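What follows is the residue order along each chain.
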Amino acid sequence: MFVDSHCHLDDEKLKGDIEKVVAEFKAANVGIVIDIGCDAETSEIVKEQAERFNGVYFAAGIHPMDVKDARDADLDKIAELAAHPKCVAIGEIGLDYYWDKTFAEKQKEFFVRQIELASEVKLPINIHIRDAMGDAVEILKGNADKLVSGGVMHCYSGSAETAKELLKLGLYISFGGTVTFKNSRKAQEVAAIVPINRILTETDSPYLAPEPKRGTVNSPKNIPFVVSKLAEIRGTDAGAIETAVYNNTLELFKKIRI
Ligand code: NI
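Below, the structure is looked at part by part.

Parameters at a glance
- Along every chain, residues carry numbers that run from 1 in the direction the sequence is written.
- Totals for whole chains, interfaces and linings use every residue, but because this is a predicted model, local features are given only for residues with pLDDT of at least 70 and side-chain atom pairs only at 80 or more, for both listing and counting.
- Computation of side-chain values: all heavy atoms of the structure, hydrogens and water removed.
- The buried label goes to any residue with under 20% of its type's maximum accessible area, the exposed label to any with over 50%, and the partly exposed label to all in between, with areas taken from a 1.4 Å probe on protein chains only.
- Numbering of helices and strands starts at the N terminus; helices are DSSP runs of H or I of at least 4 residues and strands are runs of E of at least 2.
- Two strands qualify as a pair provided that DSSP identifies no fewer than 2 bridges between them.
- Seen with the strands pointing away from the viewer, any crossover whose path from the first strand over the helix to the second strand runs clockwise is right-handed.
- Aromatic pairing here means that ring centres of Phe, Tyr or Trp (its six-membered ring) are within 6.5 Å. Orientation follows from the plane angle: under 30 degrees is stacked, over 60 is edge-to-face, and everything else is tilted.
- By the criterion adopted, a ring carries a charge over it if an Arg CZ or a Lys NZ lies within 6 Å of its centre and within 35 degrees of its normal.
- A donor here means an N, O or S atom no more than 2.8 Å from the metal, or no more than 3.2 Å when the metal is Na, K or Ca. Since water is not included, a site may seem to lack partners.
- Two cysteine sulfurs form a disulfide in these notes if their separation is within 2.5 Å.
- It only takes one pair of heavy atoms within 4.5 Å for two residues to be counted as in contact.
- Lining residues are defined by having an atom within 4 Å of a point belonging to a cavity or pocket. Those points lie on a 1 Å grid over the protein atoms alone, cavities being sets where a 1.4 Å probe fits but cannot get out and pockets being open sets with protein on both sides within 12 Å along at least five of seven lines.
- Grid points are joined across faces, edges and corners, and a volume is the space filled by probe spheres set on the points.
- Think of it as three bins: nonpolar holds Ala, Val, Leu, Ile, Met, Phe, Trp, Tyr, Cys and Pro, charged holds Asp, Glu, Lys and Arg, and polar takes everything else, Gly as well.

Summarising burial for strand 5 (residues 125-130): 5 of the 6 residues are buried, a large majority. The pairing of strand 4 (residues 87-96) with strand 5 spans 6 bridges and is parallel. Of the residues in strand 5, the one forming a bridge with Gly 94 is His 128. Assessed by its sense of winding, the connection that carries the chain from strand 4 through helix 5 (residues 104-121) to strand 5 is right-handed. Pairing geometry for strand 5 and strand 6 (residues 151-153), over 3 bridges, is parallel. Paired with Ile 125 across the strands is Gly 151, a residue of strand 6.

Here you go:
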């Protein structure tokens with residue numbers, strides 16, 4: 001059974017066809033899908049989707065870009081959603097300086113507050129970092145005592161050296177479509193060195209469709225392409241990656257019930 005640890009089924013490109021999307025990924029043997037919230041509103045939508053479909057779980061959190069308009073009441077909402085039986089993580093949370101750095105301080109504040117929340121409710125965190133790896137590593141190291149329930153670097157784009165530091169913090173590394181792209185040597189280097197018991201797979205649907213589907217609307221059904229590429233990079237067979245990712249998923253996301 002394959003796993004998509006990070007997707008956005010609430011996105012406009014997917015939610016209108018949700019029954020078809022779910023039927024297609026189930027037919028592709030993708031049996032565990034984590035639908036990720038980006039603010040209080042979308043976290044509520046992914047909760048409703050998780051309630052509707054077997055095998056779909058969700059994460060509640062405020063994405064660094066959505067921190068701009070976020071208030072304390074939104075964090076209260078995330079805390080409330082965290083108690084839901086199918087809420088398996090707090091996320092996505094993190095830092096993103098790529099589009100807009102003007103509220104970097106507020107991003108850091110909300111990142112830390114959501115790490116604290118995850119520690120209180122004993123859930124792992126789903127981490128989004130873009131163009132902010134230095135600050136992110138500093139925050140994660142400074143809050144290492146609050147990472148007892150673990151976490152995953154979603155769509156990891158850093159170096160192999162930084163990956164080693166994150167692995168020391170007990171974090172998992174998740175790979176998606178990027179690792180299948182011809183020009184993504186860095187992601188492939190990381191995929192080669194991460195211990196097999198720390199690898200996860202994701203699509204980040206509807207974004208970042210893997211080769212040979214690049215440029216199309218991504219959906220969890222494409223996970224097998226990511227698994228095949230990881231197997232190729234690591235010189236192993238796809239079945240070994242599939243089994244390891246399944247076991248890693250149950251180890252990290254302890255609220256998942258199969
Ligand atoms: Ni995402």
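Once the structure has been displayed, the description carries forward.
For the coordinates displayed, the defined rule picks out 1 aromatic pair. Between Tyr 98 and Trp 99, the aromatic rings sit 4.8 Å apart at their centres with planes inclined by 90°, giving edge-to-face as the arrangement. Over the face of the ring belonging to Tyr 57 we find Lys 86, whose NZ or CZ atom lies 5.2 Å from the ring centre. Seen from the ring of Phe 181, Arg 214 lies directly overhead, with NZ or CZ sitting 3.6 Å from the centre.

Turning to the coordination of the nickel ion, a few remarks are in order. Bound to the nickel ion on the protein side are His 6 (NE2), His 8 (NE2), Glu 92 (OE) and Asp 204 (OD), at distances that span 2.1 to 2.6 Å. One chain supplies every donor to the nickel ion, and in sequence these donors are spaced H-x1-H-x83-E-x111-D. Linking His 8 in the loop between strand 1 (2-7) and helix 1 (12-15) with Glu 92 in strand 4, this pair joins segments that are 84 residues apart in sequence. Overall, His 8 belongs to the buried group, its relative accessible area being 6%. Residue classification places Glu 92 among the buried positions, given a relative accessible area of 2%.

Moving on, we get to the state of the cysteines. Under the defined criterion, the tally for this structure stands at 0 disulfides. Considering cysteine sulfurs only, Cys 7 is the nearest to Cys 38, which forms no disulfide, with 11 Å between them. Looking at Cys 87, it has no disulfide partner, and the nearest cysteine sulfur is the one in Cys 38, 13 Å off.

Among the secondary structure elements, Gln 114 is positioned in helix 5. In contact with Gln 114, other than residues within four places in its own chain, are Gly 61, Ile 62, Leu 75, Ile 90, Ile 93 and Ile 125.

In this structure the tally under the stated criterion is 1 cavity of 30 Å³ or more. Here the largest cavity is characterised by a volume of approximately 30 Å³. In terms of lining, the largest cavity is formed by Cys 155, Tyr 156, Ser 174, Phe 175, Gly 176, Thr 178, Val 179 and Ala 187. Residue classes in the lining of the largest cavity are distributed as 5 nonpolar, 3 polar and no charged.

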